[in-house]
Structures are given as C-alpha cells and as structure tokens.
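Coordinate inspection notes
Take a look at the letters that make up each chain.
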Protein chains: 2
Amino acid sequence: MATTNIRHHNFPINSSYQISNHRTTIRAFQEVAHDTQKSSKKTTRLAESISNMLHLRIEKPAPMSLNNITSSLVHVEEKHNTPTLSPKEDISDKWRQIQGSSGWGDLLDPLHPCLRREILKYGEFAQATYDAFDFDSFSEYCGSCRFSRNNLFNKLGLDNHGYDVSKYIYAMSHVDVPQWLKKSHIMDSWSKDSNWMGYVAVSDDKESRRIGRRDIVVAWRGTVAPTEWYEDLQRKLEPIGEGEAKVEHGFLGIYKSKNESTRYNKSSASEQVIKAVKKLVNLYKERGEEVSVTITGHSLGGALAVLNAYETASLVPDVPITVVSFGAPRVGNIAFRDELHKKGVKTLRIVVKQDFVPRMPGIVLNESLQKFDDITGTLEWVYTHVGAELKLDVRASPYLKRGFNVLGYHSLETYLHLVDGFVSTKSSFRTMARRDVALVNKACDMLVEELRIPHFWYQMANKGLVCNNHGRWVKPKRDPEDVPSPTREGQHNVFHQIESNYQRA
Amino acid sequence: MATTNIRHHNFPINSSYQISNHRTTIRAFQEVAHDTQKSSKKTTRLAESISNMLHLRIEKPAPMSLNNITSSLVHVEEKHNTPTLSPKEDISDKWRQIQGSSGWGDLLDPLHPCLRREILKYGEFAQATYDAFDFDSFSEYCGSCRFSRNNLFNKLGLDNHGYDVSKYIYAMSHVDVPQWLKKSHIMDSWSKDSNWMGYVAVSDDKESRRIGRRDIVVAWRGTVAPTEWYEDLQRKLEPIGEGEAKVEHGFLGIYKSKNESTRYNKSSASEQVIKAVKKLVNLYKERGEEVSVTITGHSLGGALAVLNAYETASLVPDVPITVVSFGAPRVGNIAFRDELHKKGVKTLRIVVKQDFVPRMPGIVLNESLQKFDDITGTLEWVYTHVGAELKLDVRASPYLKRGFNVLGYHSLETYLHLVDGFVSTKSSFRTMARRDVALVNKACDMLVEELRIPHFWYQMANKGLVCNNHGRWVKPKRDPEDVPSPTREGQHNVFHQIESNYQRA
C-alpha cells in the first residue's frame, strides 16, 4: 500500500480501495504554523506523495537573472523605511463595481488598484483569524482567540483598516470529523467542543465614508493546509435549501452544528452569524445608511464563506453580498452555483495557480467520476466553482523561491503578496508593491534566501513561557479581558459596540 | 546499504565498509535547539538508527503511579513562587575537598549538598555557552555570542553566581572537519572561520570569600548532540605532550587550530585560554590570594575541558585544577589518563546512564577493536575515561518521560535537573530540589505532559524579527556593545576587568 504505487493516471475499478489509499496519502500536511516541528516533516512527506499521486510536473521557469533578484532586493532594503500601504483612495463613487456588482469583468486584468487594495484588506481580515488563534495544546484556552474582540485588531496592527469587531463566531462539528477541532490537553479547558471560527466586524464612520457604505465583514478561519480529515469533509454531498442544490457534508457540518450542552455552540456558527448580521444590517438601514456584507476566508474558511453567503442571501434580503475567498476548495454542485448566482451573491475567488487546494476534491474525483456510486452528484463536480476568478502565479514574484512547496503555495500570506504584486497576466510584478515581503515567511519557507528572512518565523518568545520574579519559567495567566466567555460574546454586545461607534463618531 | 542491515552484534571483517556505513547512520541528530524544525526529523531518524545499530534495549521501569506524579506536580505548582536555589553556604573551609583534592570518594554517594550546588553552578556556566550562542544562519553574527562579555551573565540571569567574564574564547578547526563550524549565510559576516567557543570568568570578591579562594572558570561550548562529523572527530588519535599520551585528533584540532589570516584565531583557542588563565593566576597569586582553576563543559565542551586541563597543568604550575564535565565523550588513551592524573588534575565526570555520548567512540570501537588497523592505540579505548564519575539515572526523576529519547538524555538541562534531584544511588529524587523543572524542556521534549511545559521552548519571539515604525518586519541591528570585535576581546581587557573588580570591591 505504499504511496509510490499510485503511479497510474486512471484509478482502478475498486474505488473504495483507492479512496482509502488516497486518504493515507493526503495526511501529511501542517495544520498550524506554530507547530513547525511536526510540519516540516509532514510537508516533505506530502510533497512527495502528492507529486507522485498527481503526476504534478513542476513547471520550471527560466531562472531569474541574479541581477534582477539583486535589484529587487536592493529595492526591499530601501523599502524598510517606507509605509507598507499605498495611500487610501476614496471609493465611495465606485464601491458597487469594486464589490462585484458587474461581476468584476473589467477590473481583474489589469487589476484595478482600488480593487487590489480592498482584496488585501479582506485578506488581512482573514489572516487575522490565524494570527490570533491559540494553537497551544498545553494552553487551557487552546482553540480560542488569544485576544478579546475589543483588542483583536489593535494587537494585530489592523487598526488602520477602520473596522470594529462586533461578534466572535464559534463552531463545533459532527462527531464524524473530530480531527478538525483543535483541542486543549488540559482537562479544565475553556471549551471541550468548540473552536473560535472567526468574527463579524463593521466599518467605522471614517472608513464608511471612504468606501461609500457601512460594510459588515464576516471573516472565517480556515486551516492552513489540508490533512486527511480535510479530504473527509468533502466526500459526501448534502442538500441545502429547497431545490437541487447540494454542498459538501463536512463543511456544512462545521457551519451548522450545535449542541445544547456546550458552552459556545448552543447555537451554530450559522445562527450566530446570521443573527448578528441581520441585526447590524437592519440597524444601519434604519438609520438610512447604505449597507454591504462582505464575507471572506481562506481555504476551509473560504468554503464556509460561500455557505454563509448563500444563507445570508436567503435570510437577509436587500443587501449586496460579496464573497472574497482565498485558496478555497469547491463547495457544491452546479445547482448550488446557479442558486447562489440567482440570489445575487458576488463571489471573487483568488487562486494561486500552483496551489492544489482550490482543485479539491476534483483532483481525485475528476478522473474517476463514474466509479463513485456512493457519492451523489459527482458528475457535476468539475464545474462547481462559483463566481469570478483572479488567478495568481507564484512565478510572477521575484521574491519567491522556485521549486515545489505545497505549504508555501497555499499559505494566505503568499496569496496576499501575489495580489499586492499583480498588475495583469501580461505584466511583471508590480515594482510599487509595498506590502511587507517578510510576511510571506510567517508560516512557510517561500522567500528567496537572499532576503535573509527566517522560515516559519511567526512564533512567541519561549512559546509563551515567561520568567517570574523567582527565576521560574511559567505560563502567565491570560489577561482576564482576553479570556473567552460565552456571556460576554453574547448578542447584547453587538449593540454595545454600535453604540460606542456612534459615541466615538 | 540500508541502516536496518546492521543487525549483528559483531561487525564484519571489512572495517572500512563498516565505518562508512556507521557514519551514514549517525548523521541524524539535532545540533542546535533553535533549529527545531530540522532537528525533530533528524532526531527521530537517529533514534531509530542508533537503536538498530546498538541493539539498545530500553529499560522500561514499572510505570509510576499517577498519585506519585500528581503529588509531584502539585509540588511543582507550589514551587512557582519559591526561589530556584537553596541558600548559599560558606564552603571556605572545605573547598579543596569539594574541588576533588581527595578524589571525591566520600562526597558522591550520597552527594554532598555543597558539592551539588557547586556542580550546578559550573553546569550553568556551561549551559550559558548554548543559551547565548547565535545559531541564526541568516544573522551576520552567526556563530558568535549574542552578548558582549560584560552583558553575558546579566542577560542570562546568572549574575547571582558572583562571577565576571574576563575573556571570550574563539576556535576554528582543521579543514577536514568543516561541518563543525556554524556559519552565516551572509557574505559580509563577522567571521568566516571562527566560532565563539566559551569564556574565562573569575569569581568576584564576595563569592571568593564564600568559596575560600579566587576561582577562575573556563567554560567550553559543546554541541547539543553528536552528528556525523562528531564521529569523525574521534576517529584518529594524535600524540599530545612528550610521552605516550594520545588524544583524539578532531578535538585537538578544534583546540589548537589557528591561522594568521583570520580575525579571531590568529591565536588558537588553547593559546587564548592559557594566556588569560596564566595572567589571572599570577595576578591573584601576587596579591596573596588562594587561586583555583575550574574547567567545565558539556559534550564536545567536556572533551575540550579535559584537553585544556592537561595543558593548563603543564603550563600554569602550582594551582589546583578541576574539571567538571557533563556528558563528555572519551578523549584519549590510558597514557593520557595517567599523565593527567600525575599532573594532579581532578576530573569529575557527570554522566547520565541512558546517554550514549559518554560511551563514544567506544560504542563502536569496543566491539571490533582488532579490525581497525589504521587507528593506533584503539586497544586502550575501553579504559580511557578519566577521574571520578557521578552517574545519574533518568528513571530517578518523576518529572521525566519514559521511553527512548536520545536528545533528551544528552541535554545538559536534563543533566542539571538530575544532579539537582540526586541524593544517592539508593534514595529517590530529592523532594527539596528547587531548580526550575521547566528548564529541562528548553531544547528537548523530556518532561511528562502533566507539567504542561511546551517542548523545545527556548526560542526568540518571531526568530528575532521585530516590527518597525512602518509596520515592516526587520532584523534589528545588534547593539554595538554586543557586536564581536577582535580588538575588544584582546588581552588588555583581562586587566581592565580585574581593575574594575577591584574598584567595585
């Protein structure tokens, strides 16, 4: 059953054998950037097995001349003392187009600078769900957000986007995908069933003026990369809505699961978000404001964003809904795509050409569709991506290494770097790109060595241990303000937040 | 040539085949704690190959009762707010015995509390050479000490020992063991040839009064664990001194190498240390003080300490010389041991029973001595450990995991923890042991999970990157005071240091 046996283009008749073999193969990947020890080994294994399995031929471009790299690097050096963002422009007269009202047809190639900036904003909101997540299985708060919603943007340096967090989202899942949940080793932990899964935020008055409307953002946390269970999530379709639409069972499970006996999921992630969004939309509409809903996420988070958009369109009428997803896998069948379209949801999928996650689960099912009798609707898989696509190419950036790098290709920071540098499919990397290149290596090893940026550098000093007055290394108690609390996360806070917005304005 | 082929007790006739095969096998290990990504993989590989090769049977003690562990853990919890060291006792009337004047015969089992405290002090001096070393190959100062000698103890929290650093030691090596050197990727680095290899320190007036003499310490940096090149260092004997004494070629190379064209090794490590020690001894002797020289080191550092003691005894007469080594391999033949003894050098070797490094290179050579025609004097290997031995057992500590852990067994922090808990071979772990247990996991994964101490936790925030005013992640310039400088490390500083000691006193 060695992975190297899988060296044929078409899978054999015995599909169940093939699936289990495939699952054994795709188990390798890093789930979290913070656990780099394990991940490196796993990544290498995955790289090998995936390339065996998919017959991936790594396209090797002509090597860049050293002159090019050197001049780019000098450029980076100079940029150390420049701002990381271009000046903000007023987009109040064109926000509908930027949100995709006409399908982005003429804004993507070349990429409109104002759209680029907005994509990066939403991408950084998605990135925040990784950066703030407590991955430490020795922490009693493992699986929660490390900061309270009032501190989140400030702690991550995202204040400048001009949004306030209104609500945290928690999710659990069916018992059949338990590996998805990040769990504490500690008996007496904050929650046994739920994980922090994202947040709802609202643009403040200043930002709302600039962007021409009150923007409600939902940011969904994903997983850094797929593992065995990630494939599992995608192996069964389930109906959604009244018609023929079907979506993947596992994603829907995470989105919809709840249990009365839990602390954070007496209501499902879906219910939490819909309730918060509905209230916010109504509140601002009653005040006569234009309102938009923008739903973002990376990887699994991108899939949840699409489900969330579908449902929001059904339950929260008369508000423009836009999805900005990064490296998201397919979510549903053709009927689902059509319904989403009919409901007016605009979806912009940002995809890195070399990243295989957006090709999931099709990468397997595509080639042996008729074999999977137990999966309904597989014949429709091939076309079930929704909306417009912005396709990026790793080879476009002079800062990125060549060579197969599954983790690097899928990393959200790689996506954001490539968006920042993208001008058009025909032009080279944008010389005025100002986003900090070092961010790319936060949770992967993707930057050329000449940049001297350490690999997987996003890490806490001494893994969170601090030396106390007695010289003992201890894990400090979390700031009470940042300790998760089911009551504090409750609904009344949404209004409290809005009130304080108004007082500030 | 798979490693799993080596499954016989006696090596085959063709010794050269066997050696090269063996080298392939022992390549795995972690060299530095800071590069945990690579190391974890390597460690696992090594664990497997070593145990295959050596037919190591892991002794599995009866599992500890949960009650025991729990009560120990409660104990740890209570200790969070207690000092990490027992009160210091005056040992001015018994310092000669503690330094081994009578060979430690009656001080080791049970271990005399004052000796335990002194061993821990010297062990922490050795540990400092790891904790302060710049392992970052993207740093232009890779291979140097991260702090100047005036800041070293302060930055590492070792001020309380009452010593001042007088001199830094730098070493290079013969061209035939280049892998030993930790090198920067940066072209324009502080040094292309040398590594920081330790330091010379002197007890201050207060500590000198407590310990009954002016103590000159030489601390040698080792390597966290052996790799392929580590075996190489030990494959050839070379004469030392006038008689029959022979020591390992590789160790002597590191100790003795110099080159006029280098910045830091115009003189060898040996010359640097002997010069500094000689001057310090003479200076304090002229002032009528009692003086001692204590040389310490872990692993390779322990081997260098023995070489250094041999030479010091020849070149600096009439001063008691003591070696306190931790997990050190064998260094020389019987004649070398005898000469060392004759010169009056006292050597206390602290050894963890499960650690295989102190058994090197004997672990291989022992079993096929007559086959190695090219190695002179191999027949004497078996007996060439020198001095007294304090043998520790990993199984004695309720805080340490059971199960094979090559890296954990060899880690200096594991040694110090076991010294702290050692009462006698017949008694259980010392309940009053106060050293911070968390330190054990600095660079390994050795503590029971119940303690909730992260594995390999000794790490810098964001690998040394900091966010500048523009939101860019950059590597800050090293504090000018901590930038290595061949002139600043020069000889005149020794006296400068002494003067300032006097002014302070």
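What you are looking at is a predicted structure, and each value in this text was computed from that prediction instead of being measured.

The next subject is the overall build of chain A. A tally of regular secondary structure across chain A gives 16 helices and 11 strands. A total of 505 residues make up chain A; the buried ones form 61% of that total. Put simply, 73% of the contacts in chain A that link residues at least 6 apart link residues at least 24 apart. In the form shown here, chain A has an accessible surface area of approximately 20,400 Å², with 52% of it arising from carbon and sulfur atoms.

Residues and elements named next belong to chain A. When helix 12 (residues 334–342) is considered as a whole, its buried residues turn out to be Ala335, Phe336, Glu339 and Leu340. Taken around the axis of helix 12, the buried residues stretch over an arc of 135 degrees, which confines them to a single face. Facing away from the buried side of helix 12 by more than 90 degrees, the exposed set consists of His341 and Lys342. Here the buried face of helix 12 lies against strand 5 (246–248), helix 11 (300–315) and strand 8 (346–352).

Mapped onto the elements, aspartate 131 of chain B comes out in helix 5 (residues 113–131). Not counting chain neighbours up to four residues away, the residues in contact with aspartate 131 of chain B comprise Arg146, Leu156, Lys442 and Tyr458 of chain B.

Take the side chain of histidine 161 of chain B next. With respect to the secondary-structure elements, histidine 161 of chain B resides in the loop between helix 6 (152–155) and strand 1 (163–171). Residue contacts for histidine 161 of chain B: discarding those within four places in its chain leaves Lys88, Lys121, Glu124, Phe125 and Glu207 of chain B.

All names here are of chain A. One open sheet holds the 7 strands; their spatial order is 1-2-3-6-7-8-9, and the pairing between them is mixed. Edge positions in the sheet fall to strand 1 (163–171) and strand 9 (388–392), since each of these pairs with one other strand and no more. On average, each strand axis in the sheet is tilted by 15 degrees relative to the strand beside it, whichever way the strands run. One ladder, built from 7 bridges, connects strand 3 (residues 214–220) with strand 6 (residues 291–298); its direction is parallel. Along strand 6, the bridge assignment pairs aspartate 215 with serine 292.

Here the focus is the pattern of salt bridges. All names here are of chain B. Applying the stated criterion across every chain yields a total of 54 salt bridges over all chains. The partner of aspartate 131 in a salt bridge is lysine 442, with the nearest N and O atoms 2.6 Å apart. One end of the pair, aspartate 131, is in helix 5; the other, lysine 442, is in the loop between helix 15 (412–421) and strand 10 (466–467), with 311 residues separating them in the sequence. For lysine 442, a relative accessible area of 8% corresponds to the buried category.

Residue and element names in this part refer to chain A. With 18 residues, helix 10 (residues 269–286) extends 26 Å between its outermost C-alpha atoms, agreeing within 8% with the 26 Å of an ideal straight helix rising 1.5 Å per residue. Buried residues of helix 10: Ala269, Ser270, Gln272, Val273, Ile274, Ala276, Val277, Leu280, Val281, Leu283 and Tyr284, and no others. Two residues or fewer after helix 10 comes glycine 288, characterised by a positive phi angle close to 80 degrees.

In this section: unusual backbone geometry. The omega torsion of the bond from aspartate 109 of chain A to proline 110 of chain A falls at 5 degrees, within 30 degrees of zero and hence cis. By the secondary structure assignment, proline 110 of chain A is in the loop between helix 4 (95–98) and helix 5 (113–131). In this structure, serine 299 of chain A takes a positive phi of about 60 degrees despite not being glycine. Tracing the chain through its elements places serine 299 of chain A in the loop between strand 6 and helix 11. Phi angles above zero are rare outside glycine, and aspartate 318 of chain B is one such case at about 60 degrees. Checked against the element boundaries, aspartate 318 of chain B lands in the loop between helix 11 (300–315) and strand 7 (321–326).

Okay, the pairing of strand 1 of chain A next. Residue and element names in this part refer to chain A. Counting buried residues in strand 1 gives 9 out of 9 residues, a clear majority hidden from the surface. In this structure, strand 1 lies alongside strand 2 (residues 195–203), joined through 8 bridges in antiparallel fashion. Residue pairing across strands places isoleucine 169 opposite glycine 198, the latter belonging to strand 2.

Here we come to the side chain of serine 203 of chain B. Residues and elements named next belong to chain B. Inspection of the secondary structure assignment puts serine 203 in strand 2 (residues 195–203). On the basis of relative accessible area, serine 203 is assigned to the buried category, the value being 0%. Among the polar contacts made by the side chain of serine 203, one reaches the side chain of serine 208 at a distance of 2.7 Å. At 2.8 Å, the side chain of serine 203 and the backbone nitrogen of aspartate 215 are in polar contact. Ignoring anything within four residues of it in the chain, the contact list for serine 203 reads Gly162, Tyr163, Ser208, Ile211, Arg213, Arg214 and Asp215.

Let us look at the nonpolar core. All names here are of chain B. Counting residues in each nonpolar core, the largest one holds 73 residues, and the members touching the most others are Ile119, Leu152, Tyr199 and Ile350. Here the element with the most residues in this core is helix 5; it accounts for 9 residues. When neighbours within four sequence positions are excluded, isoleucine 119 is seen to be in contact with Leu111, Val324, Phe326, Leu348, Ile350, Leu390 and Val419.

Looking now at the sheet that holds strand 1 of chain B. All names here are of chain B. Taking strand neighbours across the sheet as the criterion, the 7 strands line up as 1-2-3-6-7-8-9 in an open arrangement whose pairing is mixed. The strands lining the two open edges of the sheet, one partner per strand, are strand 1 and strand 9 (388–392). Going across the sheet, the axis of each strand differs from the next one's by a mean of 15 degrees, ignoring polarity. The pairing of strand 7 with strand 8 (residues 346–352) spans 5 bridges and is parallel. Among the inter-strand pairings, threonine 322 is bridged to a residue of strand 8, identified as lysine 346. Of the strands in this sheet, strand 6 (291–298), strand 7, strand 8 and strand 9 touch helix 15, which is tilted by about 100 degrees from strand 8.

The next thing to look at is the pairing of strand 3 of chain A. All names here are of chain A. Judged by how many residues are buried, strand 3 sits mostly within the fold: 7 of 7 residues are covered. Sheet topology places strand 2 next to strand 3; 5 bridges connect them, and they run antiparallel. Considered in strand 3, the bridge of valine 202 is made with isoleucine 216.

With that settled, consider the packing of aromatic side chains. For the structure shown, the criterion picks out 32 aromatic pairs over all chains. Ring centres 5.8 Å apart and planes at 55 degrees place the aromatic pair tyrosine 170 of chain A and tryptophan 190 of chain A in the tilted group. Here the residue tyrosine 170 of chain A occupies a position in strand 1, and tryptophan 190 of chain A occupies one in the loop between strand 1 and strand 2, the gap between them amounting to 20 residues. Exposure class is identical for tyrosine 170 of chain A and tryptophan 190 of chain A. Each is buried. Measuring from ring centre to ring centre gives 4.8 Å for tryptophan 190 of chain B and tyrosine 264 of chain B, while their planes differ by 65 degrees; the resulting arrangement is edge-to-face. Taken together, the residues tryptophan 190 of chain B in the loop between strand 1 and strand 2 and tyrosine 264 of chain B in the loop between helix 9 (249–256) and helix 10 (269–286) connect sequence positions 74 residues apart.

Next up on the list: the confidence of the model for chain A. In this model, chain A carries a mean pLDDT of 78, and residues with pLDDT of at least 70 account for 70%. Ignoring residues within four places in sequence, the model shows residues 490–505 of chain A, a span with pLDDT below 50, making 33 contacts including any to other chains.

As a further point, take the packing of helix 11 of chain B against helix 12 (residues 334–342) of chain B. Residues and elements named next belong to chain B. Between helix 11 and helix 12, the shortest axis-to-axis distance is 10 Å and the interhelical angle comes to 55 degrees. Between helix 11 and helix 12, the crossing angle belongs to the class labelled oblique. Note on packing geometry: the crossing formed by helix 11 with helix 12 is left-handed. Between helix 11 and helix 12, the contacting residues are Val306, Leu307 and Tyr310 on the first element and Phe336, Glu339 and Leu340 on the second. In the contact of helix 11 with helix 12, the residues fall into 5 nonpolar, no polar and 1 charged.

A few words on the environment of valine 386 of chain B. All names here are of chain B. With respect to the helices and strands, valine 386 occurs in the loop between helix 13 (362–365) and strand 9. Among the residues examined, valine 386 registers a relative accessible area of 6% and is labelled buried. Sequence separation of valine 386 and alanine 313 is 73 residues, and the distance between their C-alpha atoms is 15 Å. Ignoring anything within four residues of it in the chain, the contact list for valine 386 reads Arg337, Leu340, Thr347 and Arg349.

Attention now goes to the state of the cysteines. In this structure the tally under the stated criterion is 0 disulfides over all chains. Of the cysteine sulfurs around cysteine 142 of chain B, a residue in no disulfide, the closest is that of cysteine 145 of chain B, at 13 Å. The exposure class of cysteine 142 of chain B is buried, given its relative accessible area of 2%. Unpaired in terms of disulfides, cysteine 467 of chain B finds its nearest cysteine sulfur in cysteine 444 of chain A, a separation of 18 Å.

Cut-offs and rules
Residues numbered from 1 in each chain as written. Chains lettered and ligands numbered in written order. Predicted model: local features only at pLDDT ≥ 70, side-chain atom pairs only at ≥ 80, totals over all residues. Heavy atoms only, no water. Helix = DSSP H or I, 4+ residues; strand = E, 2+ residues; numbered from the N terminus. Buried < 20%, exposed > 50% of the residue type's maximum accessible area, 1.4 Å probe, protein only. Contact = heavy atoms within 4.5 Å. Areas by Shrake-Rupley, 256 points an atom, 1.4 Å probe, with all protein chains shown as cover. Arc of directions from axis to C-beta. Pairing = 2+ DSSP bridges. Axes fitted to C-alpha atoms, helices over the stretch in contact; angles between N-to-C directions. Salt bridge = Lys/Arg side-chain N within 4 Å of Asp/Glu carboxyl O. Expected span 1.5 Å × (residues − 1). Polar contact = N/O pair within 3.5 Å; in protein donor to acceptor, adjacent residues only side chain to side chain. Core = buried A, V, L, I, M, F, W, Y, C linked by side-chain atoms within 4.5 Å. Phe/Tyr/Trp six-rings, centres within 6.5 Å; stacked < 30°, edge-to-face > 60°. pLDDT = per-residue confidence, 0-100. Parallel < 35°, antiparallel > 145°, perpendicular 65-115°, else oblique. Left-handed = near helix turned anticlockwise from the far one by under 90°. Nonpolar A, V, L, I, M, F, W, Y, C, P; charged D, E, K, R; others polar. Disulfide = S-S within 2.5 Å.

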